[in-house]
Each structure stands twice: as C-alpha cells, then as structure tokens.
Amino acid sequence: MDRAEDRRVSGSGRATSRDVARLAGVSHTAVSFVFNGRAEGNLSPATQERIREAAARLGYRPDPVARGLRRRRTAVIGLVTDEIASSPFAGRLLRGAMETAWDNDHLVLTVDSGGDPAKEDAAVAELLDRRVDGIIYAAMSLRRVRVPEGLHRTHSVLANCLPEDDSLPSVIPAERAGGRTAARLLLEQGHRRVALVGGQDDIASAERLRGFRDALRAEGITLPKDWVVRSGGEISAGHEGALRILEGVSADRRPTGIFCYNDRVAAGVLHAAARLGIAVPGELSVVGYDDQEHMAAYLTPALTTVALPHRAMGEAAARLLLDAIDTGRTPPATARRLACPVISRASVGPAPTR
C-alpha cells in the first residue's frame, strides 16, 4: 500500500506512533524507545531499522510539543542580540547557531534589541515566559556587556562578548592570536618594516595590537610609535591613516607591510596606495581582518585577511548551551577562544628589495 493508504491505518490524515508500531509489528513502547533516544540496549539494530522504515513510509514525525511536555522542555532556544540580526557582518554566527540547534532537534527564536538594554531585558523575559530551554546572547562586536536581566534564570551562553561580572560562559575570537597571525603573514614574506592602521577603543583593537607586537618582538622588531595609527574602523579611517604613514615618504623609509584593523580599513589603505602610485603587493603588502562578506574577495587586489570565526562561534555557543540543557550542568563561567583562520588572497607578497 502507498503512504496515503498507510495513513488510513489510523483513520486520520496524520500518522501516529501507534500506526508505526502496527506497521512495524512491534509494541508502542518500542517505537517510543526509538524516538526518545532509548533504543540502544533495549532493541536490536534490526528492530530499530524496521521501526524507522515504517515511520518513513507513514511520514511519521514525533510531536515536539508532547515530547517537550514529557521531558519538561520546549525544544526551542532563544537568541538575543544587540544589532547582529540586522547587521550584514555576522549573519554567519546566526546560521551557525541555528543549524547546530536544528541538527539537535531545536529551533532558535531570535530577537534583535537594537542595543537597547530595556528591550534586551524585555526580550529575555518574553523568552523565559515561552519556556525556552536556554538562551544565547550575542553581540556584533567583541566587548564586555551588561548581562541582561533574567539570563541567570536559565541556561545561558554569551557569543562574541564577555560578561561584565564574569558570571556566564562565553565564546569569543582569539583576537590576540589573530594579531600574531597577521604579523607572521608579513614576517614570513620577509617584511621587517611594518605598520598598523585603524582601530578603536575596544577589546579587539587592543588584543590585535598586542598580538601583532608579540610576533614582531619575537623577531627582534620594534613597531615604531608613529607607525601605529588608531584612526577608526571605516574606509575613510584606513585612507587617512595610510596617507599619514605613506604620503611624502621615500620608498626606503616607509613600511613595506600594513596590518589593518579590519577589511574596511584595508579598503581605505588600498585606495590610498593607488592614489600615491604604490603598487600592492609589489611595493606594499596589506593584511585585513574579518573576511567581510561581499567585500574582502572583491577588492583590488583581493584582500588577504584574518577571518573572524563567526559561524564557528555560533556553532560552539549552541553546542555549549545544548550540552548544558541535556546534562543539567552549568558550564564554567570562562571564555572559550576560537582561532581566527587566514584567508590568503593577493594583497600580500614578498618584501621589496631596496
């Protein structure tokens, strides 16, 4: 019989677990074991397979509401963000969290507060009223955050931010290591005169600069004070900063490599270099940071950059939260740092010989 005929076993349009049991020739309890994760040790592999085949033939899916009531769970996690859901820069974090949750039979309910603390508190309260199993709080940029009221009443994890009171676990980029990586990209190509352009008064700027200095110091290189230009985080900041370092300076006295706070700053540096007639990467190598979608790969030349692990942060935060939900154990209130991988393109080359 076909699937429609199979469903008539129950006399309704939707197959039930009892229909699956009848078609598979097993008890209703055996079907429950398979779909509640208790089959191992209770049913043979052959019986489990027969039950799954019957379920597929009938188009049966367990009722998540009923299953949640039995387990005192809703199979939904909340994700509260400051600006991330409305930002083009970190959609990968959301996708990582959502797909990890989906693979573990959970949905994600997302709320974007626009950075308003009152809205964040209200969003968390609303999610708690809806009995979500746990909450991820994510920020667009790495910073210390006020923990929204109510997060301590459920399993909670922070992503791309740190709690001001160090009270919750978090998943963040390894920014200092990323700065070291950027320096090594230049050092490995023989660059010894290097500069840093861009940056703000934030954790990421400070950590990237520390890492950059670490790698240079290990090679006996000191970063000149006037080759560190903290000009901001936009294209205009990169353009302005690069002109301050490069304009009116002879080739033998200017840096041969520039590490940029982010890819937007790098775009400004590339524009300044083109304006000054400085070839990239022939005379100047440029390293960005973020691997910004729809931008880094389309600059001229295509930008070598250190990527922020947005997707990996979303995946790791969701796994951490789901593990806490499954075990009932709160993870340690520490920061887990994820590596920032290199995306090699065309803006870095060997240091020019002069």
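Conventions and cut-offs
Residues numbered from 1 in each chain as written. Predicted model: local features only at pLDDT ≥ 70, side-chain atom pairs only at ≥ 80, totals over all residues. Heavy atoms only, no water. Buried < 20%, exposed > 50% of the residue type's maximum accessible area, 1.4 Å probe, protein only. Helix = DSSP H or I, 4+ residues; strand = E, 2+ residues; numbered from the N terminus. Pairing = 2+ DSSP bridges. Salt bridge = Lys/Arg side-chain N within 4 Å of Asp/Glu carboxyl O. Axes fitted to C-alpha atoms, helices over the stretch in contact; angles between N-to-C directions. Contact = heavy atoms within 4.5 Å. Core = buried A, V, L, I, M, F, W, Y, C linked by side-chain atoms within 4.5 Å.

**With respect to the pairing of strand 7 (residues 170–173)**
Then, number 1: Burial along strand 7 is two-sided: the face carrying S170 and I172 and the face carrying V171 and P173 are both buried.
Then, number 2: When strand 5 (residues 155–159) meets strand 7, the two strands line up parallel, connected through two bridges. By the bridge assignment, A159 is partnered in strand 7 with V171.
Then, number 3: As paired strands, strand 7 and strand 13 (residues 335–338) are joined by four bridges and run parallel to one another. In the sheet register, P173 faces strand 13, and the bridge partner there is L338.

**Brief notes about the pattern of salt bridges**
Then, number 1: For the coordinates displayed, the defined rule picks out 18 salt bridges.
Then, number 2: Where R264 meets E234, a salt bridge forms, and the shortest distance between an N and an O atom there is 3.2 Å. Taken together, the residues R264 in helix 11 (residues 263–276) and E234 in the loop between strand 9 (228–229) and helix 10 (235–246) connect sequence positions 30 residues apart.
Then, number 3: Residues joined in a network through salt bridges with shared partners are R176, R180, D214 and R217.

**Notes on the sheet that holds strand 13**
Then, number 1: The sheet built from six strands is open, its strands ordered 2-1-3-5-7-13 with parallel pairing. The sheet is open, and its two edges are formed by strand 2 (107–112) and strand 13, each paired on a single side. If you compare each strand with its neighbour and ignore which way they point, the axes differ by 20° on average.
Then, number 2: Two strands pair when backbone bridges link them, and strand 1 (residues 76–81) and strand 3 (residues 134–138) are joined in this way by four bridges, in the parallel orientation. Following the sheet pairing, L79 is matched in strand 3 by I136.
Then, number 3: Along the sheet, helix 6 (residues 91–103) makes contact with strand 1, strand 2, strand 3 and strand 5, crossing strand 2 at roughly 150°.

**Examining helix 3 (residues 28–35)**
Then, number 1: Inspection of helix 3 places A30, V31, F33, V34 and F35 among the buried residues, and these make up the whole buried set.
Then, number 2: Phi turns positive, to about 75°, at G37, one or two residues after helix 3.

**Regarding the nonpolar core**
Then, number 1: Formed by 27 residues in total, the largest nonpolar core has its most connected members in I245, L246, I258, C260, V269, L284 and V286.
Then, number 2: Among the elements of the structure, strand 8 (194–197), helix 10, strand 10 (257–260) and helix 11 are those that each provide at least two residues to this core.
Then, number 3: Discounting residues that sit within four places of it in the chain, C260 has contacts with V197, V265, A266, V269, V286, V287, G288 and Y289.
Then, number 4: A183, L187, V194 and V228 belong to the second largest nonpolar core, which has 21 residues in total.

**Points about the environment of G199**
Then, number 1: For G199, the location among the structural elements is in the loop between strand 8 and helix 9 (203–218).
Then, number 2: G199 sits in the buried class, given a relative accessible area of 4%.
Then, number 3: Separated by 137 residues in sequence, G199 and P62 have C-alpha atoms that sit 51 Å apart.
Then, number 4: Leave out the neighbours within four places in its chain, and G199 touches S205, R230, S231, G232 and Y261.

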